[in-house]
Structures are given as C-alpha cells and as structure tokens.
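Geometric and topological summary
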Amino acid sequence: VVHRNVGASEARNIGLFSSSADWVLFLDDDVVPNNDVIRAYARAIRRHPEALILVGTTNLPPPTNIWTRGVVTSGVTSFYDIARRSPLPPWGVTANLCVRARTETRRFDPIYPRTGGGEDVAF
C-alpha cells in the first residue's frame, strides 16, 4: 500500500504490478457496473485474445441542467461510449477499462498530473 499521493497513473500501475491476474478491471468509484460486467469482459477476452486493453461503455446520467446539457452537446462525453463505435478502440477512459496485467509491460503514463487528466488515454 502506498501512503502518499502518487497520482492516478502510478496508483493504477502499482495495482497492475501487484496483481497476479492476467487482466485487471478498472472502474471509477462512481460507476455502477452491470451485473454481468465480468462475464462481458471474459467474452471480450476470448473474442480478442491479442488485445492489450478492452474498453467498456460507461452510460452517464441524462443532463439535468444547462451546464450538463452543454457538456453533452459539446461531445466531450462521447469518450465514455467509444466502445459502441469501435470494437477495439485504441484508447479509452478508465471509468470502465480492462487491462492485460501479468504478461504485459506497458503501463499508464505517469507524466500526467496527480489530479488526473489525460492518463486514461496514454496507456
């Protein structure tokens, strides 16, 4: 366990290095996964054994005010459902991301700030 803020990228990397699993699933703390999320990823791993990452879809709540409507209208939220448009996208947000762990040496880029922002797409 790390007792200091090393940032999101490094924390994820420590988790990957510490794991003995072939794959590690990252979900944001505010994401409520579907009941079959593990089965869905297991199917995707079997379908795409060459993949390094598998990106899941994250459904955001509908906009409720002018600010959230503006965010949706701007297209920024399209990153959360990139997996709907591409079966193997080249990157994905870590809100719902399954990463090859034990047999892969590539990791999240720690160059990004400790507060987050961009590390999701730099695997």
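Source: prediction; values computed, not measured. (Residues numbered from 1 in each chain as written. Predicted model: local features only at pLDDT ≥ 70, side-chain atom pairs only at ≥ 80, totals over all residues. Heavy atoms only, no water.)

**What to know about the overall build of the protein**
- Check the secondary structure of the protein and you find four helices and three strands.
- Ordering the α and β elements of the protein from the N terminus gives α-β-α-β-α-α-β.
- Evaluated residue by residue, the protein yields a buried proportion of 32% over its 123 residues.
- The long-range fraction of contacts in the protein, counting pairs at least 24 apart against all pairs at least 6 apart in sequence, stands at 68%.
- In the form shown here, the protein has an accessible surface area of approximately 8,100 Å², with 56% of it arising from carbon and sulfur atoms. (Helix = DSSP H or I, 4+ residues; strand = E, 2+ residues; numbered from the N terminus. Buried < 20%, exposed > 50% of the residue type's maximum accessible area, 1.4 Å probe, protein only. Contact = heavy atoms within 4.5 Å. Areas by Shrake-Rupley, 256 points an atom, 1.4 Å probe, with all protein chains shown as cover.)

**Overview of the sheet that holds strand E1 (residues 23–27)**
- Taken together, three strands build an open sheet; the order of strands is E1-E3-E2 and the sheet is antiparallel. Here the strands that pair on one side only, and so sit at the sheet edges, are E1 and strand E2 (53–55). Between one strand and the next, the sheet's axes are offset by a mean angle of 15°, whatever the strand orientation.
- Where E2 and strand E3 (residues 96–100) come together, three bridges link them in antiparallel fashion. In the sheet register, Leu54 faces E3, and the bridge partner there is Cys98. (Pairing = 2+ DSSP bridges. Axes fitted to C-alpha atoms, helices over the stretch in contact; angles between N-to-C directions.)

**Things to note about the nonpolar core**
- Within the largest apolar cluster, ten residues are counted, these being Leu16, Val24, Phe26, Ile53, Val55, Ile82, Leu97, Val99, Ala101 and Phe108.
- At the level of elements, E1, E2 and E3 are the ones that each hand at least two residues to this core.
- Listed in part, the seven residues of the second largest apolar core include Trp23, Val37, Ala44 and Leu54. (Core = buried A, V, L, I, M, F, W, Y, C linked by side-chain atoms within 4.5 Å.)

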